[in-house]
Amino acid sequence: MSLNGTFSGLRVVDFCWVGAGALVTKLLAEHGADVIKVESRERPDNLRVSPPFRPGREGLDGSGYFASRNNDKRSFALNMRNPKSRGIALRLVAGADVVTNNFRPGVMERWGLGYDEVRELNPSVVYLAMPMQGSSGPHRDYIGFGQTIAALGGLVELSGLPDRAPVGTGTQYPDHVPSPGHALVALLAAIRQRRATGRGRLIELSQFESTVNLVGPALLAASLGASITRTGNRVPGHSPSAVFRCTGEDNWCAVVARDDAEWRSLARTVGLDALGADPRFATLEQRKAHEDELEGLLAAAIGDRERWELTRALQAEGVPAWPVMSSPDLLADEHLRARGFWRTLNHPAIGEMTAPSAPFRIVGEGPTGPVEAAPLLGAHTREVASSVLGLDDAQIDELVAEKALW
Amino acid sequence: MSALPPLDPLDADAPLRGVEVLELAGEYSGYAGKLLSDLGAAVTRVSVTSETIVEPARPLDGASIDPAPLFLHRGKRDLLLNLELEHDRSELDRLVGVSDIVLQSAGADASSGQIGADEIRALNASAIHVILTPFGLDGPAAGYVSADLVRQAAGGLLWLGGYPDTEPIAAFGDQSTLATGIFGAVAALIALAERDRSGEAHAVEVSSQEVLTQALETSLAEYEFTGRVQRRIGDVPREAGSGVFACKDGYVSMVAGRLGTAEAWKRLRTWLVEEQIPEAESLWDEGWDELAFRRNPEAVARFTSIFEDFASRHGKQELYLEAQRRSIALAPVNSLDDVLGDVQLAARDSIVEVRDPATDASGRVPGAPFRISPLGPEPDAIALSDAAETAATPPR
């Protein structure tokens, strides 16, 4: 039993580049779809030139950023600036079950590959477009990245300490989880409907609208007049909700009490038994009223604790706690390793690299995850041109020489 | 391509029309159920009265309204069952029996005693059972309890957030809960596709910790390739041209010079020179075209000083419009009020009005995060167009 082959036989012609779109088709590829990534040397995917690179492995095939988002896909090098390439691209999409892109509106249309044109050719196609702000409206042509989309959507302003500048989420978060995730939900639903009815459709994922959904409850409150500002790690309903320094350099532990009983257990576990009975902290309301003082007392009590020892002690008492995990912590984490979450891929240009599995699995089984490392640029051009497009060697040689298959 | 209207879950052609979903109320299942409901699934949300239901923490200080029903549960059928009553227990069993998908929050955080995996399997062997958990169902920490802050710590997102001189600071708004809900819906639909293909219906688990490891960008590869550990850098830009910068009425976020935006970095410097900002000319000196140079803390500080000198004279909306006109990826750091007033969202009807029946108060929430076109033509109506025939000819 496995989900590795769920989309076996599904062909995806993938014009996505950079972050959010590539993660959509990555998940389809890991579950058996034949994802043909259309890219070119003429204008490479931005991620192919983005760090990190293993020292000495720099170049279009060496980016760890690109490799982390494109495993299990085939790379078809097609230079859309060559006049012959449009015809080749049309033939490719004519035989596709799914066509994907995350360009700004108008790019695919300029190539004659917009939804209306592709549907003419391939009426049952499921077509995913992920423009930053949607394909209509006064800002339809605006450009951005995850970081700027998070700012636009309210996430940056609300993340940080109240008396400091906003800090946001630390990464281009909308690109990595919500935008690909939301797009996948709609795409998977449309693929299923196509299987049942033979009818395709266009899906549009505005990355701005996707991100605004992440502040949905807060937006509702604001529309009702509430003033919602950044509060660091504090949240309504929990107290404490904080991160405390532990022994060692830059070592921290996140600790939360969701109710009064958890608070009393927390106080007892860190040797502050008397505080558990202190009326200043007895209820959520009282703890909220004295939160600075509460956190100060806990910080003093926790500062000489080792973070994992503290975590285990608190969890044994039913108190939510976990060390704040850095990259080396995560790669070494005994829980993730016991679950078989990390896989090792052997990339032809990079060498061995660790890749995460999908974040879900059949109960009792190992996770579905990457099998083949990301392709070298154009690694499957000849194979796709021959087996998918039916071109012979002479035709392929000519198109390569003319830098159409490039 | 004509503009797509907001999604209508009641559309007879909605992609998940006919799919029955049972959402057992819990911490993560609400957003998963919402997304499936947005796409036309019939979602019945069952709360059980004989136990405590753990719902997400609510960022609602000062609000008079519970956001869950209006944001998460719009369009769902809501049931309150007491499983100690035989009638109610039978109703839950019946609902399991007719469901294609059962969404359940589990792990040590979940309210216990709802209904077990074996019972669901016995009642309906063809149901997809999606179990949403903080840390998965096995492994040494499977029994650990959590809250959003703890999950962000466990998944690594918290490590990257905040200021270098303080503790790490979490992303706002219960992100781990929403993200787990998103991938709960993804897992449900992949399992449904597998059932369509093979006839096998699986129980599938989702780990919130594993969901969040997807958000770590390049930090894992950077450590593995170079030994460098990425850390929180706070409100200091990571490099000249990219980061959050102060302006006259707040902040703007900008990406110019990285991720293939070398042209935008040139356009940005041209803009500063045109505005006659002191020392802007020096940004054209040797070295500034190199990313490694722009990542030097001295270069970051120098650029920030020059840019913020300029930005301090302009509001964030003004900078947004002009930067975009110049094809520079700059956006305002919006407050929630700014989001509610955004002209793009307004033009696309992206924010919808909702009314609370209990208080009659009306508020606004985001519409569905995706849009879909009407269905394509029936397969029988498909005929090869001239374009298709042309495209079928190998290019020469």
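Relevant structure appears above.
The structure contained in this document is the topic of the report that follows. Just so you know, the residues in each chain are numbered from 1, in the order the chain's sequence is written. Note on labels: chains are lettered from A, ligands numbered from 1, in written order. The model is predicted, so local features are restricted to residues of pLDDT at least 70 and side-chain atom pairs to those at 80 or more, both for listing and for counting; the totals for chains, interfaces and linings are taken over all residues. For the side-chain quantities, the full set of heavy atoms in the structure was used; hydrogens and water were omitted.

Strands here are runs of E lasting at least two residues and helices are runs of H or I lasting at least four, both read from the DSSP assignment and numbered beginning at the N terminus. Of the regular secondary structure elements, chain B holds 15 helices and twelve strands. Three labels apply to residues, based on accessible area from a 1.4 Å probe with only protein chains included: buried if under 20% of the type maximum, exposed if over 50%, partly exposed otherwise in between. Looking at chain B as a whole, 59% of its 396 residues are labelled buried. Two residues form a contact once any of their heavy atoms are found within 4.5 Å. Taking as baseline every contact in chain B between residues at least 6 positions apart, the subset at least 24 positions apart corresponds to 67%. Reported accessibility uses the Shrake-Rupley method at a 1.4 Å probe radius. Residues are deemed covered only where the shown protein chains occlude them. Only carbon and sulfur atoms are counted for the fraction: they give 50% of the accessible area of chain B, which is about 14,900 Å².

This part takes up the sheet that holds strand E2 (residues 42-48) of chain B. The seven strands are arranged E12(A)-E6(B)-E5(B)-E4(B)-E1(B)-E2(B)-E3(B) in an open sheet whose pairing can be described as mixed. The two strands at the open ends of the sheet, each matched to only one other strand, are strand E12 (360-362) of chain A together with strand E3 (77-81) of chain B. Sheet twist, expressed as the average angle between the axes of neighbouring strands with direction ignored, equals 20°. DSSP calls a pair of strands paired once it identifies at least 2 bridges connecting them. Bridge analysis of strand E4 (residues 101-105) of chain B against strand E5 (residues 128-133) of chain B gives five bridges, and the strand direction is parallel. Residue pairing across strands places Ile101 of chain B opposite Ile128 of chain B, the latter belonging to E5 of chain B. Helix axes are fitted only over the stretch in contact, all axes being lines through C-alpha atoms; the angle between N-to-C directions runs from 0 to 180 degrees. Here helix H6 (residues 175-198) of chain B sits on the sheet and contacts E12 of chain A together with E4, E5 and strand E6 (203-207) of chain B; the angle it forms with E5 of chain B, its principal contact strand, is near 155°.

This part covers empty space enclosed by the protein. A cavity, in this analysis, means grid points on a 1 Å lattice covering only the protein atoms where a 1.4 Å probe fits yet has no way out; a pocket is instead an open set bounded by protein on both sides within 12 Å along at least five of seven lines, and a residue lines either one if it has an atom within 4 Å of a point. Grid points are joined across faces, edges and corners, and a volume is the space filled by probe spheres set on the points. Following the criterion strictly, the structure yields five cavities of 30 Å³ or more and no others. The space that makes up the largest cavity amounts to roughly 320 Å³. Together, 23 residues line the largest cavity, and Lys26, Ser68, Arg69 and Pro356 of chain A together with Gln214 of chain B are the ones closest to its centre. Note on residue categories: nonpolar means Ala, Val, Leu, Ile, Met, Phe, Trp, Tyr, Cys or Pro, charged means Asp, Glu, Lys or Arg, and polar means any other residue, Gly included. Split into classes, the residues belonging to the lining of the largest cavity amount to twelve nonpolar, six polar and five charged.

Moving on to the interface of chain B and chain A. Each partner contributes to the interface: chain B provides 171 residues, whereas chain A provides 161 residues. Buried surface at the junction of chain B and chain A, both sides included, amounts to about 14,800 Å², of which 65% is carbon and sulfur. Under the rule applied, a polar contact is a pair of N or O atoms within 3.5 Å (in protein, one hydrogen donor and one hydrogen acceptor; residues adjacent in sequence only if both atoms are side-chain atoms). Counting the contacts that link chain B with chain A gives 56 residue pairs in polar contact (both at pLDDT 80 or more). Here the element with the most residues in the side of chain B that touches chain A is H6 of chain B; it accounts for 16 residues. Of the residues belonging to the side of chain B that touches chain A, the class tally is 102 nonpolar, 38 polar and 31 charged. Buried area is understood as the total, over both parts, of accessible area removed when two parts are fitted together, assessed with a 1.4 Å probe.

Right, let's talk about the pairing of strand E8 (residues 252-256) of chain A for a bit. Residues and elements named next belong to chain A. In terms of residue burial, E8 counts as a mostly covered element, since five of its five residues are buried. Going residue by residue along E8, you find Trp252, Ala254 and Val256 tucked away on one face and Cys253 and Val255 tucked away on the opposite face as well. Here five bridges tie strand E7 (residues 241-245) to E8, and the two strands are oriented antiparallel to one another. Bridged to Ala242 within E8 is Val255. Where E7 folds back onto E8 in an antiparallel hairpin, the turn is made up of six residues, including Gly248, whose phi is positive at roughly 95°. Examined bridge by bridge, E8 and strand E9 (residues 321-323) share three bridges and lie antiparallel to one another. Counterpart to Cys253 in the pairing with E9 is Pro323.

Computed from the structure, the largest pocket encloses a volume of approximately 1,200 Å³. Every residue lining the largest pocket is counted, 45 residues in all, and those nearest its centre are Trp17, Val18, Arg43, Asn46 and Phe103 of chain A. Elements with a contribution of two residues or more to the lining of the largest pocket: strand E2 (34-39), helix H4 (107-110) and helix H6 (146-152) of chain A together with helix H9 (262-274) of chain B. Broken down by element, the residue count for the lining of the largest pocket peaks at four residues, all from H9 of chain B. Here the residues of the lining of the largest pocket are counted per class, giving 23 nonpolar, eleven polar and eleven charged. Estimates place the volume of the second largest pocket at around 930 Å³. If you go around the second largest pocket, you meet 44 residues; those closest to its centre are Glu217, Ile233, Arg238, Arg258 and Arg295 of chain B. Where the lining of the second largest pocket is concerned, the elements lending two or more residues are H6 of chain A together with helix H8 (219-226), strand E7 (243-247) and helix H10 (291-294) of chain B.

All right, on to the pattern of salt bridges then. Each reported salt bridge corresponds to a side-chain nitrogen of Lys or Arg within 4 Å of a carboxyl oxygen of Asp or Glu. In the structure shown here, the tally under the stated rule is 62 salt bridges over all chains. A salt bridge links Asp292 of chain A to Arg234 of chain A, with the shortest nitrogen-to-oxygen separation between them at 2.6 Å. Note that Asp292 of chain A is positioned in helix H15 (residues 291-302) and Arg234 of chain A in the loop between helix H11 (216-223) and E7, a separation of 58 residues in sequence. For Arg234 of chain A, a relative accessible area of 25% gives the class partly exposed. Between Arg197 of chain B and Glu194 of chain B there is a salt bridge, with the nearest N and O atoms lying 3.3 Å from each other. Placement of both Arg197 of chain B and Glu194 of chain B in helix H6 is noted, with a separation of three residues, approximately one turn of the helix. Shared partners join several salt bridges into a network, and the residues in it are Arg234, Lys288, Glu291, Asp292 and Glu295 of chain A.

To count toward a patch, a residue needs a relative accessible area above 30% and no salt bridge. Like charges then connect within 9 Å, nonpolar side chains (Val, Leu, Ile, Met, Phe, Trp, Tyr) within 5 Å. Asp and Glu count as negative and Lys and Arg as positive, but His and the ends of the chain are not part of the count. Where a charge lies is defined by one atom per residue type, namely NZ (Lys), CZ (Arg), CG (Asp) and CD (Glu). Together, Glu281, Asp285, Glu286 and Glu290 of chain B line one region of the surface with negative charge. For Glu290 of chain B, the location among the structural elements is in the loop between H9 and H10.

What follows concerns the sheet that holds strand E8 (residues 250-255) of chain B. Residues and elements named next belong to chain B. One open sheet holds the three strands; their spatial order is E7-E8-E9, and the pairing between them is antiparallel. Two strands bound the open sheet, and with one partner strand each, they are E7 and strand E9 (329-332). Recorded for the sheet is a direction-independent mean angle of 30° between the axes of neighbouring strands. One ladder, built from four bridges, connects E8 with E9; its direction is antiparallel. Its bridge partner lying in E9, Val252 is registered against Pro332. Sitting on the sheet, helix H12 (residues 316-325) is in contact with E7, E8 and E9, with an inclination near 160° to E9.

Let's shift gears to the packing of helix H1 (residues 20-30) of chain A against helix H9 (residues 178-197) of chain A. How two helices sit against one another is set out by the angle between their axes and by the gap between those axes. All names here are of chain A. H9 packs onto H1 with a crossing angle of 45° between their chain directions and a minimal axis gap of 9 Å. The pairing of H1 with H9 is recorded here as oblique in orientation. Like other packed secondary-structure pairs, H1 and H9 cross with a definite hand, here right-handed. Contacts between H1 and H9 pair Ala20, Leu23, Val24, Leu27 and Leu28 from the former with Ser179, Pro180, Ala183, Leu184, Leu187, Leu188 and Ile191 from the latter. Here the word oblique covers every angle except those under 35 degrees (roughly parallel), over 145 (roughly antiparallel) and from 65 to 115 (roughly perpendicular). By definition, turning the near helix anticlockwise from the far helix through less than a right angle yields a left-handed crossing, and turning it clockwise yields a right-handed one.

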